[in-house]
Amino acid sequence: MGMTMTQKILAAHAGLDTVQPGQLISAKLDMVLGNDITTPVAVNEFNKAAFGKVFDPNRIAIVLDHFVPNKDIKAAEQSKQCRDFACSHCISHFYDVGRMGIEHALLPEQGVVTAGDCIIGADSHTCTYGALGAFSTGVGSTDMAAGMATGMAWFKVPSAIRIHLTGVLPRNCSGKDVILTLIGQIGVDGALYKSLEFTGSGVAGLSMDDRLCICNMAIEAGAKNGIFPVDETTKAYMNGRCERTPVIYEADADAEYEQTIEIDLAKIVPTVACPHLPSNTKPASALHDVKIDQVVIGSCTNGRMEDMEAAYRVLHGKTVAPGVRCIIIPATMDILRDCVARGYYTAFIDAGAIVSTPTCGPCLGGYMGILAAGECCISTTNRNFVGRMGHVDSKVYLASPATAAASALTGYITEEV
Amino acid sequence: MQVKGHVFKYSDNVDTDVIIPARYLNTANAQDLAKHCMEDIDQNFASTVQPGDIIVAGWNFGCGSSREHAPLAIKTCGAGCVIAKSFARIFYRNAINIGMPILECEAAADAISAGDEVSIDFDAGVITDLTSGQTFTAQPFPPFIQNIIAKGGLLASLEG
């Protein structure tokens, strides 16, 4: 029986010719990632276990992104603990304020992750790098500690669901609408423990930012990872960017998939996930009576340059509706710089929005846009659980940057036309 | 190993944001986290849970964030076990890695009621509802995972 892309990458990193779904393996890691929330727990465990030194200071990435610039004294202490650890272990990929970005936008952009990699990250959205043709999955802090010490992790080889894409997305739709549609179809545990393998002629029409967004939210369907084949778009993105040589894996022609789901991209419509689950999806056109207090455009899901372009396309020369707070957060310093250079920054401010330095901030109810009881937000982030962005009685609707920006102009959920 | 306690019951898709809201993640101190455990779904949990008490829930327990703070908060509260129909994969992995006992058992999750007194024999994988008199058998862990649990967590297992 043939192997999927994921299974091939795992087999290669376990030093095996073949693997089977369900098989427990120990695999070599190309990169181990942590952030300012998860790294302190990992450092405590690392020190408690007295590992002494890391397996390779060039294969560990520590990104301060959730609560920086430090939101309070406790957050400052956590950042300091990460900084001290990175310094004492000579961690080359340590990203502090001024260089940092939201980890899952930053690491692909900076070429720290590449095709064929096997990556763990102490952050659930580590599955984002599957867009590059890597195996990449979220773990906890203890796994991060063990990974930093040994350069290895154990995995149960996942079975796969194939998402076969055809057609071309309508102009007012993006990767976010695709992944929300899929999660709405299969549910928040529809791919539990499995890999989501995207294939088909529709892949070619999806940009890297679309693919990164789609893989980012694989976890919201419970998946272990999401993965795209490496094509000309991927190669063009990686060329001159990646610090290590990409390794391209292809699924075998007779790879086994538990299920194949067909998605015609031409039939995708602007889609919104209603409170309080990412699977609770409806067309934006069915939600025009939902009044909003806040709009957030940013996050590891949708803080990339194409997301900023969509926000600019909708907002420039217009005015955010009275009573609506519109918060735009470019995900990395490079994206922020490009927003300034292209005039987006000024256009956003002129429209009545605010622009923040990169941070995860409001996505997880950290800071920079917390909701009061009864308030409603449309957000390009990834989760709309109870209390996710603030008070337990607040509501979050998940949408694409174009839909979020169009909603900012009307004050009600509105799709771009 | 055995535990015995009263049951706190929750539904499907209990996510890590309600287990430990992100507004408290500016610390890794387990005692501080435990004070806010389950706060956004059950304000009384942290103040009333007793050592050995048991959480019983539906499908996909622990979905969402990778925060290990979630099983750590539950463990530090003194809860003896989480029984669910299924677990989100990162929570499952984290719970095992830090030595927080969990069991998958659909029948038990359906039948056991909030407030019931339940005992669990982990060696046999048997769950007994002492209030209703019913017994259930949980899915056994694969031997590889049993080894991590027996050694007291992932890092202890690496030390051989």
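Now for a quick tour of the structure. Predicted, not measured: the structure shown is a model, and the values here were computed from it.

## As for the packing of helix α4 (residues 69–77) of chain B against helix α5 (residues 89–98) of chain B
Residue and element names in this part refer to chain B.
Then, number 1: Here α4 crosses α5 at 50 degrees, and the two axes come no closer than 9 Å. When the interaxial angle is binned, α4 and α5 end up oblique. In the crossing of α4 with α5, the sense of the turn from one axis to the other is right-handed. Mapping the contact onto sequence places Ala-70, Pro-71, Leu-72, Ile-74 and Lys-75 in α4 and Phe-91, Asn-94, Ala-95 and Ile-98 in α5.
Then, number 2: Counted by class, the contact of α4 with α5 contains seven nonpolar, one polar and one charged residues.

## Focus on the sheet that holds strand β4 (residues 93–95) of chain A
Residues and elements named next belong to chain A.
Then, number 1: As summarised here, the arrangement of the five strands in space is β4-β3-β2-β5-β6, forming an open sheet in which the pairing is parallel. In the strand order of this sheet, the two ends are held by β4 and β6 (135–138), each with one partner. Along the sheet, successive strands turn relative to each other by an average axial angle of 10 degrees, direction set aside.
Then, number 2: Bridge count between strand β5 (residues 118–121) and β6: four bridges; the pairing is parallel.

## Quick notes on the packing of aromatic side chains
Then, number 1: Across all of its chains, the model carries 13 aromatic pairs over all chains by this definition.
Then, number 2: Summarising the aromatic geometry, the rings of Phe61(B) and Phe87(B) are spaced 6.0 Å apart at their centres and angled 75 degrees between planes, so their arrangement reads as edge-to-face. Placement of the pair is Phe61(B) in the loop between β2 (54–57) and α4 and Phe87(B) in the loop between β3 (81–84) and α5, with a sequence separation of 26 residues.
Then, number 3: On the basis of relative accessible area, Phe87(B) is assigned to the buried category, the value being 0%.
Then, number 4: Pairing Phe87(B) with Phe91(B) gives two aromatic rings, centres 6.1 Å apart and planes at 5 degrees, and the pair type is stacked.
Then, number 5: Site record: aromatic cluster; members linked through ring pairs are Phe46(A), Phe51(A) and Phe85(A).
Then, number 6: Arg241(A) extends its terminal NZ or CZ atom over the ring of Tyr237(A), reaching a point 3.9 Å from the ring centre.

## Things to note about the side chain of Asp123(A)
Then, number 1: Looking at where Asp123(A) falls in the secondary structure, it is placed in the loop between β5 and β6.
Then, number 2: Buried and without a salt bridge, Asp123(A) has Arg383(A) as its closest oppositely charged side chain, separated by 6.6 Å.
Then, number 3: Residues within four places of Asp123(A) in sequence aside, it is in contact with Asn35(A), His66(A), Glu103(A), His104(A), Gly138(A), Val139(A) and Ser66(B).

## Some points on the interface of chain B and chain A
Then, number 1: Each side of the interface is counted separately: chain B has 40 residues, and chain A has 47 residues.
Then, number 2: Buried surface at the junction of chain B and chain A, both sides included, amounts to about 3500 Å², of which 60% is carbon and sulfur.
Then, number 3: Where chain B meets chain A, there are two salt bridges.
Then, number 4: The closest approach of N and O atoms between Asp143(A) and Arg93(B), which form a salt bridge, is 2.6 Å.
Then, number 5: The interface formed by chain B and chain A includes 18 residue pairs in polar contact (both at pLDDT 80 or more).
Then, number 6: At the level of secondary structure, the elements contributing two or more residues to the side of chain B that touches chain A comprise α1 (16–19), α5, α7 (143–151) and α8 (154–158) of chain B.
Then, number 7: Here the side of chain B that touches chain A gets seven residues from one element, more than from any other, and that element is α5(B).
Then, number 8: Each residue belonging to the side of chain B that touches chain A can be placed in one class, and the counts come to 18 nonpolar, 11 polar and 11 charged.

## Section: helix α10 (residues 305–315) of chain A
Then, number 1: Listing the buried residues of α10(A) in full gives Met305(A), Asp307(A), Met308(A), Ala310(A), Ala311(A), Val314(A) and Leu315(A).
Then, number 2: Positive backbone phi, at 80 degrees, marks Gly317(A), one or two positions downstream of α10(A).

## Considering the nonpolar core
Then, number 1: Formed by 201 residues in total, the largest nonpolar core has its most connected members in Phe155(A), Leu196(A), Phe61(B), Ile74(B), Ile83(B), Ile120(B) and Ile127(B).
Then, number 2: Not counting residues up to four positions away in its chain, the partners in contact with Leu196(A) are Ile161(A), Ile163(A), Leu182(A), Ile186(A), Ala191(A), Ala218(A), Ala223(A), Asn225(A), Gly226(A) and Ile227(A).

## Some thoughts on the sheet that holds strand β9 (residues 195–199) of chain A
All names here are of chain A.
Then, number 1: Strand order across the open sheet formed by four strands is β10-β9-β8-β11, with parallel pairing between neighbours. At either margin of the open sheet sits one strand with a lone partner, and together these are β10 (225–227) and β11 (259–264). Averaged over all neighbouring strand pairs, the angle between strand axes comes to 20 degrees, with direction disregarded.

## Considering the packing of helix α2 (residues 38–48) of chain A against helix α3 (residues 73–88) of chain A
Residues and elements named next belong to chain A.
Then, number 1: Put simply, α2 and α3 touch, their axes get as near as 9 Å, and they point 55 degrees apart. Taken together, the axes of α2 and α3 lie oblique to each other. The hand of the α2/α3 crossing is left-handed. Across the interface between the two elements, Thr-39, Pro-40, Val-43, Asn-44 and Phe-46 from α2 touch Gln-78, Gln-81, Cys-82 and Phe-85 from α3.
Then, number 2: Here the residues of the contact of α2 with α3 are counted per class, giving five nonpolar, four polar and no charged.

Here is what the cut-offs are and how they apply
As a convention, each chain's residues are numbered from 1 in the sequence order in which they are written. Note on labels: chains are lettered from A, ligands numbered from 1, in written order. Totals for whole chains, interfaces and linings use all residues, but because this is a predicted model, local features are given only for residues with pLDDT of at least 70 and pairs of side-chain atoms are given and counted only at 80 or more. Computation of side-chain values: all heavy atoms of the structure, hydrogens and water removed. Axes here refer to lines fitted to C-alpha atoms; in helices the fit is confined to the stretch in contact. Angles between the N-to-C directions go from 0 to 180 degrees. Labels follow the DSSP assignment, with helices taken as runs of H or I lasting at least four residues and strands as runs of E lasting at least two, numbered in each case from the N terminus. Put simply, angles under 35 degrees are roughly parallel, angles over 145 are roughly antiparallel, angles from 65 to 115 are roughly perpendicular, and the rest are oblique. It is the rotation of the near helix from the far one that decides the hand of a crossing: anticlockwise by less than a right angle makes it left-handed, clockwise makes it right-handed. In what follows, a contact means two residues having at least one pair of non-hydrogen atoms within 4.5 Å. Gly falls in the polar group here, along with every residue not listed as nonpolar (Ala, Val, Leu, Ile, Met, Phe, Trp, Tyr, Cys, Pro) or charged (Asp, Glu, Lys, Arg). If DSSP finds at least two bridges between two strands, the strands pair. For this analysis, a ring pair means two rings from Phe, Tyr or Trp (six-membered ring only for Trp) whose centres lie within 6.5 Å, classed as stacked if their planes differ by under 30 degrees, edge-to-face if by over 60, and tilted for the remaining angles. Buried residues are those whose accessible area, probed at 1.4 Å on protein chains only, stays under 20% of the maximum for their type, while exposed residues exceed 50% and partly exposed ones sit between those limits. In this scheme, Lys NZ or Arg CZ marks a charge over a ring once it lies within 6 Å of the ring centre and within 35 degrees of the ring normal. Counted charges follow a simple rule, with Lys and Arg positive, Asp and Glu negative, and His plus the chain ends left uncounted. The salt bridge criterion pairs a side-chain nitrogen of Lys or Arg with a carboxyl oxygen of Asp or Glu, the two atoms within 4 Å. By buried area we mean the combined loss of accessible area, with a 1.4 Å probe, across both parts when two parts are placed together. Side-chain atoms alone can form a polar contact between residues adjacent in sequence; in general such a contact is a pair of N or O atoms within 3.5 Å, and within protein one must be able to donate a hydrogen while the other accepts it. In this text, buried Ala, Val, Leu, Ile, Met, Phe, Trp, Tyr and Cys residues form a nonpolar core when linked through side-chain atoms within 4.5 Å.

By themselves, these observations are geometric and do not establish any function.
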